[in-house]
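# Architecture and fold: a report
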Amino acid sequence: MVNQNYADNNHNVGMELQLTEGEIENYKAKLRKKGGWLEDAEVEARLVYINGQFSPQLSSTTKNARNIMKEDVDDIEVKNFLSRLTDGFTDELAAPVIDGDNELLSFRNLSAPDHNMRNATSQYAVNFQQGSACFAALNSIRTGAVAFVRVPEKANANTEESENVKPILIVNGLSRDFNGTASVNKERGVALHPRTLVIAEQNSVTSLVQSIVDLDEGEARPTLHNGYTQIYMKNGAKFRHTYLEESGGIVTAGTEKTNEELFEGEISPRIIESERPALKDTHLETIDVQVVGNDASYEGVIMNIGGSGRVRIAHSISVLRRGCHAAVKGFSLSGGAQKTDIRTNIHHIADGTTSEQVQKSMIGGRATGSFRGRVRVEQSAQQTNSEQLSRTVMLSDRCTFWAAPTMEIIADDVKCAHGATVSDLSEEELFYLRSRGLDRTSARSLLMYGFADDITSSIEPAMRGEVDGSSGVPRRVFERLENLVPKGKRKAKSVFQSI
């Protein structure tokens, strides 16, 4: 965001987008091509936003999944949820937490008096924050449309039903013409602030898919995407969440090359990448999950495979009730001159809860990336079971990556473990594949895809598509991985080679 102006806004963002028949078919074709479309029969509901404007003609709404209306905001519960900020800036917990004979209500007083976070603006608290509250506040002020989902209560949870439920699809499409902005200056960026609120009622079963895709290619205005997603889960709710960030196109291959490695007359990939329009884009997303009911279960898959110049995804899960479970899988792919930052926070506040996290990152070119994952177990969260793993593959010696998985454990009756690996592709595995007839590039591609596959295979099946399909998620991931496959022999072999 340095030296980039995002002062323009789509001034039609609070109004519904009305399209002609020709425009409807054109947008549908683009969304299908980009993988941001499911037919009516495949979804429970579909909400489509183009440049922040809700499009009823492209959407398939129900009374439980729609663009938010005035009567929704008049509901006290909805109003309270929409007004909440992250990082403890809303001090009141989303639900009271039972701690023996006491009832915990305040974020700042958790694990008091020796280990509490104190006021959100204090230095001690700031050191452990994701830095998402200011952007959540900006979104609250500037958003003009909210995707609102309230999953109705069920009498009891059904395991078979949770496996077969149709997804609710929320699409944010970026059309690069940006009609409705105040300025025609293409150097002046446009800010978009999409918002999503989901309330999963008691024993409900939900599959939510969020997809962010480009609809056009070529010349574009710099774009700031500042999204804010809030999810609230009540007693016995089961929630499966897929977040796909694919905006910004594909980065330039070969940016790790030095001038000495270029052919005579070849234009440096670094120059090509520096002129790529999407390098001026910034993608920010804050995902705040509040588990406020007993025995609820959240499963999240976050995939960042887009080409925006700057990406930061902050994913926070607060476990506030006994017997709840949170499972988070993530995959981040960076290349070219990208700067990516994945931040996660799993906050165990109630006792008898469990969590597991696997974050995989792959980085090449001259990109800079980081993973900052935090698990905090409060004094009140006795008998917590939590596991955290970060695995990173670096594809070039010109990229930079910081992996910082951390655990902050205040309780004394817990079972927690975490680990991190950073490596390049294994020479032994490459040798094995080459001895079976694969060339060096194909062998590397296979290892790279295998590294990402267990995350890719966890995506909502209806959205994932066929492995060999022409437009499914595996195909789109493979195309981006192929773009970053290292060429030639490794210059300096490392002892850190196993993935």
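Below, the discussion takes up the overall build of the protein chain. Each helix and strand in the protein chain was counted, giving 11 helices and 23 strands. Here the C-alpha atoms of the protein chain give a radius of gyration of 23 Å, agreeing with the 23 Å that 2.2 N^0.38 yields for 499 residues. By its C-alpha atoms, the protein chain is 75 × 60 × 45 Å across when sized along the principal axes. Considering the protein chain as a whole, with its 499 residues, one finds that 56% of them fall into the buried category. Once the 57 positive and 67 negative side-chain charges of the protein chain are each reduced to a mean point, those two points are 4 Å apart.

Moving on to empty space enclosed by the protein. Using the criterion set out here, one finds 8 cavities of 30 Å³ or more in the structure. Around the largest cavity, the lining is made up of 25 residues, and of these D87, G88, F107, S318 and H347 lie nearest the centre. Elements supplying a minimum of two residues to the lining of the largest cavity: β5 (92-99), β14 (282-291), β16 (310-319) and β18 (339-348). Each residue belonging to the lining of the largest cavity can be placed in one class, and the counts come to 10 nonpolar, 9 polar and 6 charged. Roughly 70 Å³ of internal volume is contained in the second largest cavity. As for the second largest cavity, its lining consists of 13 residues, and the residues nearest its centre are V251, I305, G306, L333 and R480. Looking at the lining of the second largest cavity, the elements that each hand over two or more residues are β17 (325-334) and α11 (473-483). Taken together, the residues that form the lining of the second largest cavity break down as 5 nonpolar, 7 polar and 1 charged.

The next thing to look at is the environment of G52. Tracing the backbone shows G52 in the loop between β2 (45-50) and β3 (53-54). What makes G52 buried here is its relative accessible area of 16%. Distance from G52 to V13, taken between C-alpha atoms, is 5.5 Å for residues 39 residues apart in sequence. Excluding residues within four positions of it along the chain, G52 makes contact with V13, A145 and L192.

Position of E378 among the secondary structure elements: in the loop between β20 (368-377) and β21 (385-394). With residues up to four places along the chain from it excluded, the contact list for E378 reads L110, S111, H347, H348, I349, I410 and A411.

To continue, consider the pattern of salt bridges. Enumeration over the complete set of coordinates arrives at 25 salt bridges. When the shortest N-O distance is used, the salt bridge between K30 and D216 registers 2.7 Å. Here the residue K30 occupies a position in helix α1 (residues 21-34), and D216 occupies one in the loop between β11 (205-214) and β12 (223-233), the gap between them amounting to 186 residues. Among the residues examined, D216 registers a relative accessible area of 21% and is labelled partly exposed. Residues D40 and R46 are paired through a salt bridge, measuring 2.8 Å at the closest nitrogen-oxygen approach. One continuous salt-bridge network, built from bridges that share partners, spans D75, E77, R150, E201 and K234.

Moving on, we come to the pairing of β14. Within β14, 10 of the 10 residues are buried, which leaves the element mostly enclosed by the surrounding structure. Side chains T282, L284, T286, D288 and Q290 project from β14 onto one buried face, and the interleaved H283, E285, I287, V289 and V291 project onto a second face that is buried too. Here β12 runs beside β14; their pairing, made up of 10 bridges, is parallel. Looking across to β14, one finds that Y228 is bridged to T286. Summarising the sheet, β14 and β16 pair through 10 bridges and their orientation is parallel. Bridge pairing links V291 to V319 in β16.

Caution is warranted with low-pLDDT regions, since their predicted coordinates should not be read in detail. With 93% of its residues at a pLDDT of 70 or more, the protein chain shows a mean pLDDT of 91. When the criterion is pLDDT under 50, residues 495-499 qualifies, and its contacts beyond four places in sequence or with other chains add up to 20 contacts.

P113 follows A112 through a cis peptide bond whose omega is 5°. At R118, a residue that is not glycine, the phi angle is positive and equals roughly 65°. Structurally, R118 can be placed in the loop between β6 (102-106) and α4 (123-126). Since its relative accessible area comes to 36%, R118 is described here as partly exposed. Despite not being glycine, N203 shows a phi value in the positive range, around 60°. Relative to the helices and strands, N203 is located in the loop between β10 (195-200) and β11.

Here the focus is helix α9 (residues 440-456). Helix length check: α9, at 17 residues, gives a terminal C-alpha distance of 24 Å against a target of 24 Å (1.5 Å per residue), a fit within 8%. The largest bend along α9 reaches roughly 30° and is located at G450. Those residues of α9 not exposed but buried are A443, R444, S445, L447, M448, Y449, F451, A452, I455 and T456. Residue D439 occupies the N-cap position of α9, its side-chain oxygen lying 3.3 Å from the main-chain nitrogen of T441.

Following both chains from N to C, one finds helix α8 (residues 427-435) and α9 inclined at 125°, their axes separated by 9 Å at the closest point. Taken together, α8 and α9 sit at an angle that is classed as oblique. Taken as a pair, α8 and α9 cross one another with a handedness that is right-handed. Residues E429, L430, L433 and R434 of α8 pack against R440, A443, R444, L446 and L447 of α9. Its residues assigned to classes, the contact of α8 with α9 shows 5 nonpolar, no polar and 4 charged.

So, about the environment of C134. Assignment of secondary structure puts C134 in helix α5 (residues 133-142). Take C134: its relative accessible area is 52%, and that puts it in the exposed class. Considered as a pair, C134 and T86 are 48 residues apart in the sequence and their alpha carbons are 8.7 Å apart.

What counts as what
- Residues numbered from 1 in each chain as written.
- Predicted model: local features only at pLDDT ≥ 70, side-chain atom pairs only at ≥ 80, totals over all residues.
- Heavy atoms only, no water.
- Helix = DSSP H or I, 4+ residues; strand = E, 2+ residues; numbered from the N terminus.
- Rg over C-alpha atoms; globule rule 2.2 N^0.38 Å.
- Buried < 20%, exposed > 50% of the residue type's maximum accessible area, 1.4 Å probe, protein only.
- Lys, Arg positive; Asp, Glu negative; His and termini not counted.
- Charge placed at Lys NZ, Arg CZ, Asp CG, Glu CD.
- 1 Å grid on protein atoms, 1.4 Å probe; cavity = no way out; pocket = protein on both sides within 12 Å on 5 of 7 lines; lining within 4 Å.
- Points joined across faces, edges and corners; volume = space filled by probe spheres on them.
- Nonpolar A, V, L, I, M, F, W, Y, C, P; charged D, E, K, R; others polar.
- Contact = heavy atoms within 4.5 Å.
- Salt bridge = Lys/Arg side-chain N within 4 Å of Asp/Glu carboxyl O.
- Pairing = 2+ DSSP bridges.
- pLDDT = per-residue confidence, 0-100.
- Expected span 1.5 Å × (residues − 1).
- Bend = angle between axes of the 7 residues up to and from the residue.
- Polar contact = N/O pair within 3.5 Å; in protein donor to acceptor, adjacent residues only side chain to side chain.
- Axes fitted to C-alpha atoms, helices over the stretch in contact; angles between N-to-C directions.
- Parallel < 35°, antiparallel > 145°, perpendicular 65-115°, else oblique.
- Left-handed = near helix turned anticlockwise from the far one by under 90°.

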